[in-house]
Amino acid sequence: MKNVLLATLILAWAPLSLFAQDDYKSSVIQFQQELNEEYKNPEKSPLSASEIKKFSGHDFYPIDEKYRIIAKFEKLPSPSLFQMKTTANTLSDYDVYGIATFTLEDKEYRLTIYQSHRLRTQEKYKDYLFLPFTDQTNGKETYGGGRYMGLSIPDNGTIELDFNKAYNPYCAYASNYACPIPPKENDLKIAIKAGVKSPK
């Protein structure tokens with residue numbers, strides 16, 4: 001009887017697990033499609049008109065759920081001003097908002113998360129957090145200047161870091177932008193094989 005009950009529970013759980021995986025993959029695919037549509041839109045794209053005509057979509061790593069991480073999140077009691085350097089030799093004002101700590105492939109990593117002074121004044125972005133990072137794929141499989149991740153202010157002590165949704169700065173496609181340069185404390189000593197690859 002116990003074996004029958006156990007088998008029934010396993011069968012009941014398995015479809016739910018598969019549905020959850022499918023829902024997650026669908027959310028990443030939606031992100032990819034929206035990013036591609038942005039680059040096809042002349043009003044939003046960093047690409048030139050001729051480049052937009054040729055653009056067939058970004059090159060993404062295969063979706064890998066191990067790069068969807070629930071990290072410990074520590075909000076700083078008093079966010080401090082950080083002037084982030086940009087590719088245009090200017091400074092952009094951010095607050096050092098918090099620290100995310102997580103384990104990947106049995107090693108612990110820490111990333112600093114920022115909040116833009118400019119964006120937080122806009123209703124659409126009032127809860128937006130910014131995570132610029134570099135890793136060991138840069139200059140090989142991904143853009144040499146690092147990649148970005150958009151986050152939302154969490155309501156508890158954890159935050160989801162989904163590297164499958166990592167994207168390139170506009171400077172990977174055009175030089176006439178002032179793109180924030182990921183600070184050295186956000187250099188991950190690991191290859192993050194997830195998200196957007198180098199421009200084609």
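This text goes with the structure placed above it.
Here is a short report on the structure shown in this document. Counting starts from 1 at the beginning of each chain's written sequence and moves along it residue by residue. pLDDT decides what is reported in this predicted model: residues at 70 or higher carry local features, side-chain atom pairs at 80 or more are listed and counted, and totals for whole chains, interfaces and linings draw on all residues regardless. Side-chain measures here rest on the full set of heavy atoms in the structure, leaving out hydrogens and waters.

For helices the rule is a DSSP run of H or I covering at least 4 residues; for strands it is a run of E covering at least 2, with both sets numbered from the N terminus onward. Along the polypeptide, Asp162 turns up in strand β6 (residues 158–162). Once you skip the residues sitting within four places of it in the chain, Asp162 turns out to touch Tyr24, Val28, Tyr67, Arg68 and Met149. For the purposes of these results, a polar contact is taken to be a pair of N or O atoms within 3.5 Å, where, inside protein, one atom must be able to donate a hydrogen and its partner to accept one; residues adjacent in sequence count only when each atom of the pair is a side-chain atom. Here Tyr24 takes part through its side chain, which lies 2.8 Å from a polar atom of the side chain of Asp162. Of the polar contacts made by the side chain of Asp162, one reaches the backbone nitrogen of Asn164; its length is 3.0 Å. Here, residues are in contact when the closest pair of their heavy atoms is within 4.5 Å.

Here we come to the state of the cysteines. Two cysteine sulfurs form what is called a disulfide whenever their separation falls within 2.5 Å. Considering all chains together, one arrives at one disulfide under this definition. Between the sulfur atoms of Cys171 and its disulfide mate Cys179 the distance is 2.1 Å. Across the S-S bond of Cys171 and Cys179 the torsion is about 100°, and the bridge reads as right-handed. Exposure class is identical for Cys171 and Cys179. Each is buried. When a residue's accessible area, from a 1.4 Å probe over protein chains only, is under 20% of the maximum for its type it is buried; when over 50% it is exposed; and in between it is partly exposed.

Residues enter a nonpolar core if they are buried and are Ala, Val, Leu, Ile, Met, Phe, Trp, Tyr or Cys, with the set joined through side-chain atoms within 4.5 Å. The biggest cluster of nonpolar side chains holds 24 residues, and the ones touching the most others in it are Phe102, Ile159, Leu161, Phe163, Leu188 and Ile192. Counting only elements with at least two residues in this core, the list comes to β1 (68–85), β2 (91–104), β3 (107–116), β4 (128–133), β5 (147–152) and β6. When residues of this core are assigned to their parent elements, the largest contribution, four residues, is made by β2. Among all residues touching Ile159, those that are not within four sequence positions of it are Ile69, Ile70, Ala71, Phe73, Ala100, Ile113, Leu129, Leu151, Ser152 and Pro154. Counting residues in hydrophobic clusters, the runner-up holds 19 residues, among them Phe55, Val96, Tyr114 and Tyr167.

This part is about the pattern of salt bridges. Salt bridges, as used here, are contacts in which a Lys or Arg side-chain nitrogen is within 4 Å of a carboxyl oxygen on Asp or Glu. Taken as a whole, this structure holds nine salt bridges when the rule is applied. In this structure, the salt-bridge partner of Glu105 is Lys66, at a minimum N-O distance of 2.7 Å. Taken as a pair, Glu105 in the loop between β2 and β3 and Lys66 in the loop between α2 (49–54) and β1 lie far apart in primary sequence, 39 residues in all. For Lys66, a relative accessible area of 39% puts it in the partly exposed group. Close ionic contact of Glu160 with Arg68 constitutes a salt bridge, the shortest N to O distance being 3.4 Å. Placement of the pair is Glu160 in strand β6 and Arg68 in strand β1, with a sequence separation of 92 residues. A residue is classified by how much of its surface remains accessible, and Glu160, at 32% relative accessible area, is partly exposed. The partly exposed category is assigned to Arg68, whose relative accessible area is 34%. Among the charged side chains, a salt-bridge network with shared partners connects Glu65, Arg68 and Glu160.

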